[in-house]
Every structure is written in C-alpha cells, then in structure tokens.
Amino acid sequence: MYFLDEVSFIGKDIAEAHYGWRMFFDGAANFTGVGIGAVLVSETGQHYSVSAKLRFPCTNNMAKYEACIMGLNLAINMNIRELLVISDSDLLVHQVQGEWATKNTKILPYLYHVQELMKRFTKIEFKHVPRIQNEFADALATLSSMIQHPDKTFHRSHPDENP
C-alpha cells in the first residue's frame, strides 16, 4: 500500500523526545483475517510504510511480532543502524526487553527472531506508547486484514509449522 508522507500523529508527538529514526508497527487478527503494518519515520519526518496480509492463522500477539519483524527487516534493508521501535503492545515490548518471561511456545520463535534482528543495529530501543500514538500502524494492519485474496481455497501454513 502507498500512503502520503504527510501523516499526523494524535497526542504527544514522539519526535519531541527522539530525533533519529523511529518505527511504529502493529498487527490485527480479526474475523476478516490477519494484517500487519509498520511505518519507519526518518529524522526529517519522511514516512516509509509497509503492510501485508498474513495467509496463515495466528493470534493477535503473533501478528504484532510479525509486524515488528517486517518493520525491522525494512529498517535493515534501508541500512538504518539506530532505531527507536514504538509499539502499543506492552507485552511485546516487555518480552523483547527481557523484563517479562515468555512461556507461550508459539511466541518464543518470534521473540528469538526479533532478538536476532536486533543484533543488526548499533543502537535499538523499544518503547511502549498508548494506542492513540500508534494509529497509523494500526490502520495499516487493520486495512491489510480486510483484503480479500481471490483464491479463497489457498492456505499457507506458518513457516515454523509442518505443512
């Protein structure tokens, strides 16, 4: 999906406290499907957005991890070395920071993958924000979840599962 660069964030502007690259992300698992979205914001305010519809069943938390991974991969591909990662998922932020334990066996591979991707940055920080400050990434994820694929019989298993 393509969106204009002029995006305003409601509420306290996260740019006031951080002048480098920022990444917002979100996932949405609902009755219409699973969508993920991420937005990278440069130091100058340029926005780079990416979104996708997942074609395998997953929980809302798994979708949030998928969105985070997609955004981190975009940042890596853009050669971004320092990044502030912003999410409204308190659970994901605290798990990635090692503050909360992760017992869910379906989430552990995602957590390990995010931790591996984090090693590709010279500086990376995760920050939890209220949902109102993550509206654009949330909208990307929700819109992506609603996309209907023409092949209704297609079903792909999650990469970590056997077909």
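Presented here is a report on the structure given in the accompanying data block.

Some details on the pairing of strand E3 (residues 47–54)
- Sheet topology places strand E2 (residues 33–41) next to E3; 8 bridges connect them, and they run antiparallel. By the bridge assignment, glycine 35 is partnered in E3 with lysine 53.
- Between E2 and E3, which pair antiparallel and follow one another directly, the connecting turn spans 5 residues, one of which, glycine 45, has a positive phi of 95 degrees.

Notes on the sheet that holds strand E4 (residues 82–87)
- Spatial ordering of the open sheet is given by E3-E2-E1-E4-E5, a layout of 5 strands whose pairing is mixed. Single-partner strands in this sheet number two, and they are E3 and strand E5 (123–128). Put simply, the sheet's adjacent strands are angled 20 degrees from each other on average, direction ignored.
- Sheet analysis places strand E1 (residues 22–30) next to E4, joined by 3 bridges and oriented parallel. Each residue of the ladder has a partner; that of phenylalanine 24, found in E4, is isoleucine 86.
- Packing of helix H1 (residues 60–77) onto the sheet brings it into contact with E1, E2, E3, E4 and E5, and relative to E1 it is tilted by some 145 degrees.

Some points on helix H3 (residues 108–118)
- Regarding H3, the residues found buried are Tyr110, Leu111, Val114, Leu117 and Met118. Along the axis of H3, the buried residues cluster in a sector spanning 125 degrees; they form a single face.
- On its buried side, H3 packs onto H1, helix H2 (90–96) and E5.

Topic: the packing of aromatic side chains
- Counted according to the given criterion, the structure contains 2 aromatic pairs.
- Ring plane angle 35 degrees and centroid distance 5.9 Å describe the contact between tryptophan 21 and tyrosine 48, whose orientation is recorded as tilted. Remark: tyrosine 48 occurs in strand E3 and tryptophan 21 occurs in the segment before E1; sequence separation between them is 27 residues.
- You can call tryptophan 21 buried: its relative accessible area is 14%.

Examining the side chain of serine 42
- Inspection of the secondary structure puts serine 42 in the loop between E2 and E3.
- Discounting residues that sit within four places of it in the chain, serine 42 has contacts with Gly20, Trp21 and Arg22.

Reading the values: the criteria
Residues numbered from 1 in each chain as written. Predicted model: local features only at pLDDT ≥ 70, side-chain atom pairs only at ≥ 80, totals over all residues. Heavy atoms only, no water. Pairing = 2+ DSSP bridges. Helix = DSSP H or I, 4+ residues; strand = E, 2+ residues; numbered from the N terminus. Axes fitted to C-alpha atoms, helices over the stretch in contact; angles between N-to-C directions. Contact = heavy atoms within 4.5 Å. Buried < 20%, exposed > 50% of the residue type's maximum accessible area, 1.4 Å probe, protein only. Arc of directions from axis to C-beta. Phe/Tyr/Trp six-rings, centres within 6.5 Å; stacked < 30°, edge-to-face > 60°.

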